[in-house]
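Notes for the structure review
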Amino acid sequence: MTPQGNLMVLATVTAGRESELRTLLASMNRQPGVVDPDNALVPFRRLDRIHFARFVILDDRTLDDITIYKLPRVDYPLSVAFIADFDGPQNSFIDELERIAGSGLARIFACCGFGGGDLKAWMKEHRTKPAANYVNTVGRTMLEVREEAALRDFICTYLRGAGAPVVAKMTPAQVRKTLRELVKSSGIKLTPPAPTPIGWRISQLINFITGLLFIPLAILFLPILIPLGIIYLIILRLHETTDAEVDRRAAPDVQRKLAEIEDHDVANQFSAMGSLKPGWFRLLNISIGLVVINWTARHIFTRGHLGRVQTIHFARWVYLNDRKRLYFASNYDGSLDSYMDDFINKVGFGLNLVFSNGIGYPRTNYLVFDGAKDEQKFKRYIRRHQLPTEVWYDAHPGRTAVDLARNTRIREGLERSSMSDADTRQWLQLF
Amino acid sequence: MPSAIDKSDVQGLVRTAFNDMIEARFHAVEIIDVTSARAWLQSVLALVNNSVAPKEGGDPAQKERALQLAFSWSGLRKLGVPAGTADGFSLEFQSGMSGEANRSRRLGDVGGDAPEQWKWGGPNNVADLVVMIYKIDNLAAWETEVQGPLWSKAFREVTQPLDTSHLDNDIEPFGFKDGLSQPKVDWALSRKAKREEFDFGNLITAGEFLLGYPNEYNKLTERPTVAEKEDPNRILMPAEGAPGRRDFGLNGTYLVFRDLTQDVRGLWQFLDKQSAGDRDARLQLGALAVGRTTKGDPLVPLSEKPIAGIEPKEEKDNRFTYDSDPTGTRCPIGAHIRRANPRVADMPSDTKGFFKRALRLLGFGAPRPDDDLVSSVRFHRVLRRGREYGPELKPDDAVKQTTPDGIPRGLRFICLNANITRQFEFVQQAWSMGTKFAGLTEQSDPLLGNRTAINGCLTTATFTVPQDTGLARCIEGVPQFVSLRGGGYFFLPSIRALRYIASLP
C-alpha cells in the first residue's frame, strides 16, 4: 500500500504583486471554478499522483473580529498557498513538481518572493505542516482510482450493452464467472498494491502506541485528573458563557464570487480561515482537539468516513501565524449547503470541538453541544470565513468518494477466488 | 417564543391547497404603476383568505373562493418595502430563482431549462407578484371582481394567465395519484424538536413553514423586520428578540413557483417500449419509477409502528419507511418519491442502545456499506401547493397517440417553506436532481431529471431497478419528461404584512 502524502507551500505575496498573481492564477482556469487540467503553468493532468490540488489566496476578511476582545486589529501580510494531496512521499512529489511544472511555479512564486534559483529548496523552505490531516481512504492511490473506475465503466458498459442478453438467464455465480473471464481477456490492468513503506509503518505504529498510552496514563493520574477536569469545566463554562458571537452575513459580492466557482463538478473545494480566540485556554483546547482529530484520522477514520460523513475526500487543519489563526481546507462531494447540513447534523460535535475556538463562533455548551446546531448562525459563520479557491483541480471529476469506494469493492469482489451466493448477489448489486 | 399562531394572520395557502375549489388561475405580473398597484392591493385586502378553517369560525365565504398574494423581492422593493428588510430576507429570495448561474446549476435549470429559455421569470421577465385566484365554480366572475378597475393600470402580465385544471381522482398529468404525502404542520406549537431524533416523523415544527416560530433546529429562521418608525400606524407586530423593530416576516413564508411541462405521451411511450408493449409491465415499471402505483399505493409494506404526524385516515398511504427495503428491491432507491422524501431520521434506524449509538455516531457498525448516506428528512420538507394544467391524457391513450397532440400539460408546482435553500433547493438539488443520491450514480429522478451530461460520468440517463437476484434491471436512455418553463421565488406575506405593504406611502 502506498499512503498518501500532502504538501502545502505557503508564501507571503510580495507587496504590489497581488494583481499579477491573481491574473496568473486565473489564467489556469477555463472559467472561474473550472481549471484547465492541461494549463501551461501547472499541467495537473501530467502530475498523475495528485488527487486534489489548489491555489488559494489567504485573504482574511474577518480580521476586525478580534476587536470584540478589545484587542487591536492585526494586519497580517497577504499570503498564498499551494496545496496538494498525492500518492507517496513528499520529496519525490516535489521533484516531480519541479520537473513538470517548474517554470510555471517559478512564475507564480516569483510574486511571493521566489527570486530564481533552486525552486525545490524554496518550496521546502515554505512548507507548512497541517496540525491535522484527513484522508478518506488511506492507501487508495490515483492509479487504483483510475484502474478501478475503468474496470467499473467497462463492466457496466458490457452489462448494459452486448452483455445484457448474455447474462440475462445466468445465475449470479455464472455472471461473476463470465465477468471475471471477460475482464481477464480484455487486458484491463489492475495493478497490485505496492509494498507498504516500512518507515511509514513504523511511524504509524509509534504514533498509535503513543496515543494509546494516554489511556493507562489517564487512569494512573485519575486522582489528579478529576479535580483538573472540574477546573477545566469551570473555565470552559466561563468562556462559553461570555465569548461574544460575531453573527453577520458575508458581503453579497463575496458570496456571489464563492458561488460562482462552486458546483461545476460533483465534488467541491472548501477553504476557510479565521483567528483563534485569544488566551491560553482556547489555544490549549484547540491543540488537544486537533491532536485528537489527527490521531483518529491516522488510525481510526482511514476507511471511507470521518465520523458519519462519507463525502470528504481530503481535509486539513493548519495553524498560521504562531497559532493565532487557523486555516481549514477540504474536498467534498455535493454542494456547500448539503455539506454544511451534513456537518451540522452528523458531526456537529466535532465541528464545535475545533471551531468553537475561533472568534465569533456560535455559542457552544460543554464544548460539543449547540454551536453548529444554531444552523443559520453557523452557516453565516462558515460563509463569512470562507475563501475563494482561485484554482482547484480534481483528478477524478464526476466521481464521489462513495463512487470510489464502490469501485474498490467491485475490484475486490472480482479478485476474490471464491464467493458465497449471498455475497455474489450483493456484489452484483454494485453495478 | 410565541405561544400560539394567529391563524387569521396567515394566508390560507399555508393551511390548505384549496382543493375543494377546483377552478384556479394564477397571474404572474409586473408592477407598471406603483400607486395603482398599492390602491389595488388596498381594494383586495379584505378578500385574501386566511388560515382559519371555516369550521374553526372562519369566514364562510372563504369556503367558496380564495385569493392569495405572493411577492418577489423586486415586487416588494417597487412597492416601497424598506430596504432594511434585506438584512432579514434570505439571500436566495433576493437573488431569485433565476438570479445566479450557480443556483441554476444546482437546481438543474440548465440547457433547455435555463432561465434564458423560460416563458416567464427569467432574467428579463421576473414577476413582481403572483396573484392566485381559486373558486369552486365560475372562476371568471370572481377573477373580474378581484382584478377590479385598477388591474390593467397597475400590472402587466409577464406571461399569459397560468390556467390550471382539475383531474379526477386527484391524479397529476402522468396519471399517478398525487399529493398523498405532506408534512403535518404543528399548528399547535406542541412539538419541540430534539437535538437528535431517532424515528422518522411526519409532524414538523411550524417554523419550517412559517416565519416567526421555532424550526426543526428549535431556532427562529431569519426573517425581515422594519424599524418602528417605518411602521407609524403600528400595523405589524413588535418583532420578538429585536427591540425597536416590527415584524414583517412573522406569519409569512416563502413560496417557490416552478412552471413545469410534462411530456405525458413521452413518458408512457418510453415505459411501453421498455415493457415490450405489455400493459401490466408498463404500469409496473411506471410504479417503480414513481415509487407508488398509479392508484397511490406504496411499494413497501406498511410499518408496524405508527408514525408521528400520520393520521389514521392516511395510514394506508403513508405509514411506511424504507427501513424494510434498504437495497431498494421493492421500491428502487432512485424512485421519484423515495428521492423526494427518503423517510429517514437523524440517526440510522438500527441505532438502539448506548453502545450502538456511540458506534454509529462515529460512523461504524453499519449493516451495509452504502448505509447512512441520506440526510435526515425533517430538515428538508416542503408543503406542496401546486396545481395541474392541461386536459387528462390517460396512460393507455398516451401510448396510442402516434403524433403529439400539442396540448400543453404539466404542473404549476408551488411549495412553501421557511428556508428555501435548506428545504426546496436541497430537495431539488441533492435528492431529485442529484446524480449521486444515496450512493447511486449516473441517474437522477426518473420523472424530473434533466439528463444533463456530467464530466467524468458515462451518462446521467439511467434508472436502475435493484433485484434480489443480483444484477439490477437497468433502464437506459431515459429521456427528459419534465421541463421548466418559468417560475420564481416569492414571499407569501402575513395578512398584517399585506396591510402594511398596502399602506406604504
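Report follows, based on the coordinates. These numbers were taken from a predicted model, which means no experiment stands behind them. (Residues numbered from 1 in each chain as written. Chains lettered and ligands numbered in written order. Predicted model: local features only at pLDDT ≥ 70, side-chain atom pairs only at ≥ 80, totals over all residues. Heavy atoms only, no water.)

Section: the overall build of chain B
Counting its regular elements, chain B contains 14 helices and 17 strands. Over its C-alpha trace chain B gives a radius of gyration of 23 Å, about what one expects of a compact globule, namely 23 Å for 505 residues. Each principal axis of the C-alpha atoms in chain B carries an extent, and together these give about 70 × 60 × 45 Å. Evaluated residue by residue, chain B yields a buried proportion of 61% over its 505 residues. Considering only intrachain contacts with a sequence separation of at least 6, the fraction spanning at least 24 residues in chain B is 72%. Total accessible area on chain B is roughly 19,400 Å²; 51% of this is exposed by carbon and sulfur atoms. Positive and negative side-chain charges in chain B, numbering 64 and 65 respectively, have mean positions lying 2 Å apart. (Helix = DSSP H or I, 4+ residues; strand = E, 2+ residues; numbered from the N terminus. Rg over C-alpha atoms; globule rule 2.2 N^0.38 Å. Buried < 20%, exposed > 50% of the residue type's maximum accessible area, 1.4 Å probe, protein only. Contact = heavy atoms within 4.5 Å. Areas by Shrake-Rupley, 256 points an atom, 1.4 Å probe, with all protein chains shown as cover. Lys, Arg positive; Asp, Glu negative; His and termini not counted. Charge placed at Lys NZ, Arg CZ, Asp CG, Glu CD.)

A word on the interface of chain B and chain A
If you look at the interface, chain B gives 63 residues, while chain A gives 53 residues. Contact between chain B and chain A buries roughly 4,500 Å² in total, counting both sides, with carbon and sulfur atoms accounting for 49%. Among the residues of chain B in contact with chain A, Arg195, Tyr217 and Leu471 of chain B are the three that bury the most area, contributing 15% of the side total. Here chain B and chain A share ten salt bridges between them. Residue Arg380 of chain A pairs with Glu222 of chain B through a salt bridge whose shortest N-O separation is 2.6 Å. Inspection of the region where chain B meets chain A yields 34 residue pairs in polar contact (both at pLDDT 80 or more). Secondary-structure elements contributing two or more residues to the side of chain B that touches chain A are helix H3 (91–95), helix H4 (101–107), helix H11 (354–361), helix H13 (421–432) and strand S16 (470–475) of chain B. (Buried area = accessible area lost by both parts, 1.4 Å probe. Salt bridge = Lys/Arg side-chain N within 4 Å of Asp/Glu carboxyl O. Polar contact = N/O pair within 3.5 Å; in protein donor to acceptor, adjacent residues only side chain to side chain.)

What to know about empty space enclosed by the protein
All names here are of chain A. Tallied over the full model, the rule gives nine cavities of 30 Å³ or more. Roughly 250 Å³ of internal volume is contained in the largest cavity. Considering the residues around the largest cavity, the lining is formed by 22 residues, among which Ala272, Phe328, Phe355, Tyr381 and His385 are closest to the centre. The set of elements that each furnish at least two residues to the lining of the largest cavity consists of strand S7 (267–275), strand S9 (325–333), helix H11 (336–355) and helix H12 (375–385). It is H11 that provides the largest number of residues to the lining of the largest cavity, a total of six residues. (1 Å grid on protein atoms, 1.4 Å probe; cavity = no way out; pocket = protein on both sides within 12 Å on 5 of 7 lines; lining within 4 Å. Points joined across faces, edges and corners; volume = space filled by probe spheres on them.)

Quick word on the packing of helix H4 (residues 142–160) of chain A against helix H13 (residues 401–415) of chain A
Residue and element names in this part refer to chain A. In contact at an axis separation of 9 Å, H4 and H13 are set at 75° when each is read in the N-to-C sense. Judged on the interaxial angle alone, H13 and H4 are roughly perpendicular. Between H4 and H13, the residues in contact are Glu144, Val145, Glu147, Glu148, Ala149, Leu151, Arg152 and Ile155 and Leu404, Arg406, Asn407, Thr408, Ile410, Arg411 and Leu414, respectively. Looking at the contact of H4 with H13 residue by residue, the class counts come to seven nonpolar, two polar and six charged. (Axes fitted to C-alpha atoms, helices over the stretch in contact; angles between N-to-C directions. Parallel < 35°, antiparallel > 145°, perpendicular 65-115°, else oblique. Nonpolar A, V, L, I, M, F, W, Y, C, P; charged D, E, K, R; others polar.)

Description of the environment of Trp122 of chain A
Residue and element names in this part refer to chain A. Within the secondary structure, Trp122 is located in helix H3 (residues 119–125). The exposure class of Trp122 is buried, given its relative accessible area of 9%. Excluding residues that lie within four positions of it along the chain, Trp122 makes contacts with Val9, Ala11, Phe109, Cys112, Gly113 and Phe114.

Brief notes about the packing of aromatic side chains
Counted according to the given criterion, the structure contains 45 aromatic pairs over all chains. With 5.9 Å between their ring centres and 70° between their planes, Phe52 of chain A and Phe314 of chain A make a pair best called edge-to-face. Highlighted residues: Phe52 of chain A in strand S4 (residues 50–58) and Phe314 of chain A in strand S8 (residues 312–320), separated in sequence by 262 residues. For Phe52 of chain A, a relative accessible area of 1% corresponds to the buried category. Judged by its relative accessible area of 5%, Phe314 of chain A is buried. Centre to centre, the rings of Phe426 of chain B and Trp431 of chain B are 5.2 Å apart; their planes meet at 85°, and the pair counts as edge-to-face. (Phe/Tyr/Trp six-rings, centres within 6.5 Å; stacked < 30°, edge-to-face > 60°.)

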